[in-house]
Amino acid sequence: GENVEQHPSTLSVQEGDSAVIKCTYSDSASNYFPWYKQELGKGPQLIIDIRSNVGEKKDQRIAVTLNKTAKHFSLHITETQPEDSAVYFCAASETSYDKVIFGPGTSLSVIP
Amino acid sequence: GAGVSQSPRYKVAKRGQDVALRCDPISGHVSLFWYQQALGQGPEFLTYFQNEAQLDKSGLPSDRFFAERPEGSVSTLKIQRTQQEDSAVYLCASSTQDRGRNEQFFGPGTRLTVL
């Protein structure tokens, strides 16, 4: 089955700096890669996703890249703000209709 | 618009007790997923329903875990004879089958503590 790895496990950045989280996956059948933000006491919330026919996607301060050959994908957050502090999960799925396999998470702290 | 709701939000059970966790998905959402999230880890898939049909239960860790969605809306996850290793947050998610708008919306979870 699919296995998703993620690093770093913790990340601390100064407000205004960029944050990068990197993930790898194992199953070449995966074609859908969502990213979730989870705040304390809440469920994961989708922040951006990318499909395998696209190499890069951007939404305001957030961008994701995908290298299907290498089975790597990453999240870039620019101009970080304190409210970006949360746990971020990368994930993989065969399609956007299927169960999602999550990575272990990255705890991001943005220091004012 | 109401999101996915789960109840109870917190549950403390003595080892050996049975528990039932409820999920109210977003109205009209066909798909419903249950995930288990241990402390400090990512959610792990348990089971999936499309309407009332349980199409995938490959993630259920043992036969003590049982899920149902009899009318294709509300779902209940039942855990019999709870063990300490069952302590986790149980997340429910729902989604549509519409093309391009089928992200999974997660509820806040039920935190289960087994003593």
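Preceding this section is the structure that the text describes.
The structure reproduced in this document is the subject of the present report.

What counts and what doesn't
Residues numbered from 1 in each chain as written. Chains lettered and ligands numbered in written order. Predicted model: local features only at pLDDT ≥ 70, side-chain atom pairs only at ≥ 80, totals over all residues. Heavy atoms only, no water. Core = buried A, V, L, I, M, F, W, Y, C linked by side-chain atoms within 4.5 Å. Buried < 20%, exposed > 50% of the residue type's maximum accessible area, 1.4 Å probe, protein only. Contact = heavy atoms within 4.5 Å. Phe/Tyr/Trp six-rings, centres within 6.5 Å; stacked < 30°, edge-to-face > 60°. Helix = DSSP H or I, 4+ residues; strand = E, 2+ residues; numbered from the N terminus.

1. Examining the nonpolar core
Core analysis: the biggest nonpolar cluster contains 23 residues, and A:W35, A:F73, A:L75 and A:L108 have the highest contact counts within it. Contact partners of A:F73, with chain neighbours within four places excluded, come to A:V4, A:I21, A:K22, A:C23, A:T24, A:Y25, A:F33, A:W35, A:T65, A:L66, A:C90 and A:A91. Counting residues in each nonpolar core, the second largest holds 20 residues, with B:V4, B:L60, B:L77 and B:A88 among its members.

2. Overview of the packing of aromatic side chains
All names here are of chain A. In the structure shown here, the tally under the stated rule is 14 aromatic pairs over all chains. Seen in terms of ring centroids, F33 and F73 are 5.0 Å apart; in terms of plane orientation they differ by 50°. Their pairing is tilted. Placement of F33 in strand β4 (residues 32-38) and of F73 in strand β8 (residues 72-77) is noted, with a sequence separation of 40 residues between them. Each member of the pair, F33 as well as F73, is classed as buried. On the basis of an interplanar angle of 40° and a centroid distance of 5.2 Å, the ring pair of Y36 and F102 is categorised as tilted. With a gap of 66 residues between them, Y36 in strand β4 and F102 in strand β10 (residues 101-102) connect regions that are remote in the sequence. Each member of the pair Y36 and F102 is classed as buried.

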